[in-house]
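Topology and contacts: notes
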Amino acid sequence: MTKILFKPFSMFASRLAGRTSRKLVDRIWGAAAPGERPKAEESAASWGRLAGALLLEGAIFRAVGGLADHAARRWFAHLTGRWPGEKRGTEPGSAPDAES
């Protein structure tokens, strides 16, 4: 039941993370390299610039997505009193529960 109730929170967080990530990638690429970010389907894209752009994009999308997902779960838990997903150590730096 918690999964169903959490779905709208997750969808909202995902959309927000996607938009934020795209803007952040464009800003960082614009500050770090001249011109537009190369895309894989472009024939003139060099391997080095394409690899750099994809690494930057992947790292930012993964980090922002993970942070947004965690924030949505915390918000949901604050509102409902239930954590949607695995519940491990309750304090920062605490060891995960031993699995049986």
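Look above for the structure.
Below is a short write-up of the structure. From a predicted model like this one, the values you see are computed outputs, not experimental measurements.

About the criteria used
Residues numbered from 1 in each chain as written. Predicted model: local features only at pLDDT ≥ 70, side-chain atom pairs only at ≥ 80, totals over all residues. Heavy atoms only, no water. Phe/Tyr/Trp six-rings, centres within 6.5 Å; stacked < 30°, edge-to-face > 60°. Helix = DSSP H or I, 4+ residues; strand = E, 2+ residues; numbered from the N terminus. Buried < 20%, exposed > 50% of the residue type's maximum accessible area, 1.4 Å probe, protein only. Axes fitted to C-alpha atoms, helices over the stretch in contact; angles between N-to-C directions. Left-handed = near helix turned anticlockwise from the far one by under 90°. Nonpolar A, V, L, I, M, F, W, Y, C, P; charged D, E, K, R; others polar. Patch = residues over 30% accessible without salt bridge, like charges linked within 9 Å, V, L, I, M, F, W, Y side chains within 5 Å. Areas by Shrake-Rupley, 256 points an atom, 1.4 Å probe, with all protein chains shown as cover. Salt bridge = Lys/Arg side-chain N within 4 Å of Asp/Glu carboxyl O. Lys, Arg positive; Asp, Glu negative; His and termini not counted. Charge placed at Lys NZ, Arg CZ, Asp CG, Glu CD.

This paragraph deals with the packing of aromatic side chains. Scanning all chains against the criterion turns up 4 aromatic pairs. When the ring of Phe6 is compared with that of Phe9, the centres are 6.4 Å apart and the planes differ by 5 degrees; the resulting orientation is stacked. Residue Phe6 and its partner Phe9 are both found in helix H1 (residues 2-32); the two are separated by 3 residues, about one turn of the helix. Residue classification places Phe6 among the buried positions, given a relative accessible area of 7%.

It is worth spelling out the packing of H1 against helix H2 (residues 47-80) at this point. The axes of two packed helices give the description: the angle between them and the distance between them. Their axes nearest at 7 Å, the elements H1 and H2 cross at an angle of 145 degrees. You can see that H1 and H2 cross each other, and the crossing is right-handed. Partitioning the contact of H1 with H2 into residue classes produces 19 nonpolar, 6 polar and 5 charged.

Before going further, it helps to spend a moment on a positive patch on the surface. A cluster of like positive charges, contributed by Arg15, Arg19, Arg22, Lys23 and Arg27, occupies part of the molecular surface. Tracing the backbone shows Arg22 in helix H1.

Right, let's get into a nonpolar patch on the surface. A surface patch of nonpolar side chains, about 450 Å² in accessible area, is lined by Phe12, Leu16, Trp75 and Leu79. When residues of the nonpolar patch are traced back to their parent elements, those giving at least two are H1 and H2.

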